[in-house]
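# Residue-level structure breakdown
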Amino acid sequence: MTVHELSRTEARRIAVRAQLLDRSRPAGLLDAVRRLTLLQIDPTAAIAPNADLVAWSRLGSAGYSPADLTAALADRTLLELQAMIRPGEDLALYRAEMAEWPERGTVLLA
């Protein structure tokens, strides 16, 4: 097995690109969520909801408004699943896990 070593600069560059914080911008909100895999929903919103802050920082003020997220959730382009916003097209990936969820109205006791 070959071990690859990265300099700090290379590792930093990879991390920045993976988080979509480099110069290139995603094509839109759905593209950003696809490339990030998810947006986390954080119930604490000191400035704005976390999902809005992350989307805005990746798309800019000209490319994102909170109404975009609301509309995408309403038309199921994006969906909320266990406090995470994910692409709606990924729903099939979670079906097996969802089948294991308890029925509505039941309480799990630890």
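Our structure's up above, just so we're on the same page.
Residues numbered from 1 in each chain as written. Predicted model: local features only at pLDDT ≥ 70, side-chain atom pairs only at ≥ 80, totals over all residues. Heavy atoms only, no water.

## Let's talk about the nonpolar core
Generally speaking, nonpolar side chains in soluble globular proteins are found buried as a group. Among the nonpolar cores identified, the biggest contains 15 residues, and L29, L39, Y64, L69, L78 and I85 are the most heavily contacted of them. Secondary-structure elements contributing two or more residues to this core are helix 2 (29–36), helix 3 (50–59) and helix 4 (66–74). Not counting residues up to four positions away in its chain, the partners in contact with L78 are L29, L30, V33, L69, A72, L73, I85, R86, P87 and G88. (Core = buried A, V, L, I, M, F, W, Y, C linked by side-chain atoms within 4.5 Å. Buried < 20%, exposed > 50% of the residue type's maximum accessible area, 1.4 Å probe, protein only. Helix = DSSP H or I, 4+ residues; strand = E, 2+ residues; numbered from the N terminus. Contact = heavy atoms within 4.5 Å.)

## Overview of the sheet that holds strand 2 (residues 78–81)
Across the sheet, 3 strands lie side by side as 1-3-2; this open sheet has antiparallel pairing. Where the open sheet ends on each side, the last strands, each with one partner, are strand 1 (39–40) and strand 2. Direction of pairing for strand 2 relative to strand 3 (residues 84–87): antiparallel, over a ladder of 4 bridges. Bridge pairing links L81 to M84 in strand 3. Those strands touched by helix 2 are strand 1, strand 2 and strand 3, and its axis lies near 105 degrees from that of strand 3. Sitting on the sheet, helix 4 is in contact with strand 2 and strand 3, with an inclination near 80 degrees to strand 2. (Pairing = 2+ DSSP bridges. Axes fitted to C-alpha atoms, helices over the stretch in contact; angles between N-to-C directions.)

## Notes on the environment of I47
Mapped onto the elements, I47 comes out in the loop between strand 1 and helix 3. Assessed through its relative accessible area of 76%, I47 is described here as exposed. Separated by 52 residues in sequence, I47 and A99 place their C-alpha atoms 36 Å apart.

## Describing unusual backbone geometry
Outside of glycine, negative phi angles account for most residues, and trans bonds account for most peptide bonds. One non-glycine residue with positive phi stands out, namely T37, at about 85 degrees. Positionally, T37 belongs in the loop between helix 2 and strand 1. For T37, a relative accessible area of 43% translates into the label partly exposed. In the Ramachandran plot, A83 falls in the positive-phi region, its phi being about 65 degrees despite a non-glycine side chain. Within the secondary structure layout, A83 lies in the loop between strand 2 and strand 3.

## Details of the environment of L21
Locating L21 in the fold gives a position in the loop between helix 1 (8–18) and helix 2. You can call L21 partly exposed: its relative accessible area is 48%. With 38 residues separating them along the chain, L21 and L59 place their C-alpha atoms 9.5 Å apart. The contacts of L21, once residues within four sequence positions are left out, are V16, S57 and R58.

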